[in-house]
Amino acid sequence: MSRSLLSLVVPFYNEEEAIPGFFAQVVPALEAIAEIDFEIVCVNDGSKDRTLTLLAEAAEADDRVLVVDLSRNFGKEAAMSAGLAEAQGHVVVPFDADLQDPPEVIAKLVEKWREGYDVVLARRSDRSSDSYLKRQSALGFYRLHNKLAEVKIPENVGDFRLMTREVVNVLNALPESRRFMKGLFAWVGYRTAEVTYVRHSRCAGKTKFSGWRLWNFALEGITSFSTLPLRMWTYFGLLVAATSFLYAAYLVIRTLVHGIEVPGYASIFVSLLFFSGVQMIGIGVIGEYVGRIYIESKRRPLYVVRRRYGKSQQ
Ligand code: UDP
Ligand code: MG
């Protein structure tokens, strides 16, 4: 049996503190996997610290390390797409730079893949390394997303997983420029297995995802994979129209019975405010999707590669 090539795809954004520990742990863990050659595709996502210098040094020292330097910060999803496009491996594993996912789990993913699966998910057995607020909001997001969207994303599964070349080729060929990776990963399907593991806290540095960024990420996810928020307004409009019809009928009858009454400003005012609010929400939701259409229609590339470092580049 010929040895298979495994590509570890790692986005780096201001991770200078994590880099020394990263290579020190990941390289031995990958070397320990039997019958596997590997490459580590590091994507520098426009870091402002010494990340690029450290990565370039690592590529210099070890020709299994490749570095793709993006021209600015494009965000994790784009950086991941860049890494997936550059990866040469028969199997590809997206991985975080902060070692929250223990590198030893990669061997377990490979084991499952050898049983004949195309995708092996790594599911966190608990999220105790996340704050209470993050856990609750993540739970809420998965519930809502999976209610609305046709493509369900598995709970407590991050980007960390193993995919075969076939699956990665499908992902690379997807045309959209706004990429919600978790959703796209789920969308491609294929024979899927799972292993569970315990996720640690960050080894060094801080998270790059603030509450506001996560909120936008959640909106991105839902609007990428569901049009229910748009369709909902049709039903809501029908409901309001039907109710107003009943109310009109009631008013006619009341006028016939009691004659015309002047009071009623308060109720008119309240309903006026309520319905203008509702209309604005509706317009906001439409705007969200029109915005997406606008961005997709520009057909800009997902990312720009400034330079590559590593074996084939010399
Ligand atoms: N990351 C990136 N670009 C960004 C933000 C994050 O490439 O704009 C990388 C980051 O360096 C790390 C991974 O994405 O390797 C996950 O980020 P982080 O650990 O901050 O996210 P969390 O684990 O807190 O969700
Ligand atoms: Mg992290």
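Note: the structure precedes this text.
Bear in mind that the values here come from a model prediction, so they are computed numbers and not experimental data.

It is not clear to me how the overall build of the protein should be interpreted in this structure. Could you clarify?
Within the protein, the secondary structure is distributed over ten helices and eight strands. A compact globule built from 314 residues should have a C-alpha radius of gyration of about 20 Å, whereas the protein, at 25 Å, is more than 25% larger. Overall size of the protein, expressed as C-alpha extent along the three principal axes, is 90 × 40 × 35 Å. Taking as baseline every contact in the protein between residues at least 6 positions apart, the subset at least 24 positions apart corresponds to 83%. Working note: accessible area of the protein is about 17100 Å², and carbon and sulfur atoms make up 61% of it. Measuring between centres, the 38 positive side-chain charges of the protein sit 6 Å from its 35 negative side-chain charges.

Can you help me understand a nonpolar patch on the surface in this one?
On the surface, V252, I253, L256 and V257 cluster together into a nonpolar patch covering about 440 Å² of accessible area. For V257, the position within the fold is in helix α9 (residues 228-258).

It is not clear to me how the pairing of strand β1 (residues 4-12) should be interpreted in this structure. Could you clarify?
Every other side chain in a regular strand lies on the same face of the sheet, so the side chains alternate between the two faces. Of all nine residues in β1, eight are buried, a share of seventy percent or more. Between the parallel pair β1 and strand β2 (residues 36-44), the chain is carried across by helix α1 (residues 19-31), and the sense of this crossover is right-handed. Here four bridges tie β1 to strand β4 (residues 91-94), and the two strands are oriented parallel to one another. When the sheet's bridge partners are listed, L6 is paired in β4 with V91.

Explanation requested: the packing of helix α3 (residues 76-86) against helix α7 (residues 181-188) in the structure shown.
Relative orientation and spacing of two packed helices are given, respectively, by the angle between their axes and the distance between those axes. For the pair α3 and α7, the least separation of the axes is 10 Å and the interaxial angle reads 45 degrees. The pairing of α3 with α7 is recorded here as oblique in orientation. Taken together, the residues of α7 that come into contact with α3 (itself represented by E77, M80, S81 and L84) are M181, K182 and F185.

Could you clarify how one ought to interpret α1 in this entry?
Structurally, the α-helix is built with 3.6 residues per turn, so residues lying three or four positions apart point the same way. For α1, which comprises 13 residues, the first-to-last C-alpha distance of 18 Å matches the rise-based estimate of 18 Å (1.5 Å per residue) to within 8%. Buried-residue contacts for α1 involve β1, β2, α2 (51-61), β3 (65-70) and α4 (105-114).

Help me understand the packing of helix α6 (residues 165-173) against α7 in this model?
At a closest axis distance of 10 Å, the pairing of α6 and α7 adopts a crossing angle of 125 degrees. With respect to their mutual orientation, α6 and α7 come out oblique. For the crossing formed where α6 meets α7, the hand is right-handed. Note on element contacts: α7 touches α6 through L184, F185, W187 and V188, opposite V167, V170 and L171. Residues belonging to the contact of α6 with α7 are distributed by class as follows: seven nonpolar, no polar and no charged.

Criteria and cut-off values
- Residues numbered from 1 in each chain as written.
- Chains lettered and ligands numbered in written order.
- Predicted model: local features only at pLDDT ≥ 70, side-chain atom pairs only at ≥ 80, totals over all residues.
- Heavy atoms only, no water.
- Helix = DSSP H or I, 4+ residues; strand = E, 2+ residues; numbered from the N terminus.
- Rg over C-alpha atoms; globule rule 2.2 N^0.38 Å.
- Contact = heavy atoms within 4.5 Å.
- Areas by Shrake-Rupley, 256 points an atom, 1.4 Å probe, with all protein chains shown as cover.
- Lys, Arg positive; Asp, Glu negative; His and termini not counted.
- Charge placed at Lys NZ, Arg CZ, Asp CG, Glu CD.
- Patch = residues over 30% accessible without salt bridge, like charges linked within 9 Å, V, L, I, M, F, W, Y side chains within 5 Å.
- Salt bridge = Lys/Arg side-chain N within 4 Å of Asp/Glu carboxyl O.
- Buried < 20%, exposed > 50% of the residue type's maximum accessible area, 1.4 Å probe, protein only.
- Right-handed = clockwise from strand over helix to strand, strands pointing away.
- Pairing = 2+ DSSP bridges.
- Axes fitted to C-alpha atoms, helices over the stretch in contact; angles between N-to-C directions.
- Parallel < 35°, antiparallel > 145°, perpendicular 65-115°, else oblique.
- Expected span 1.5 Å × (residues − 1).
- Left-handed = near helix turned anticlockwise from the far one by under 90°.
- Nonpolar A, V, L, I, M, F, W, Y, C, P; charged D, E, K, R; others polar.

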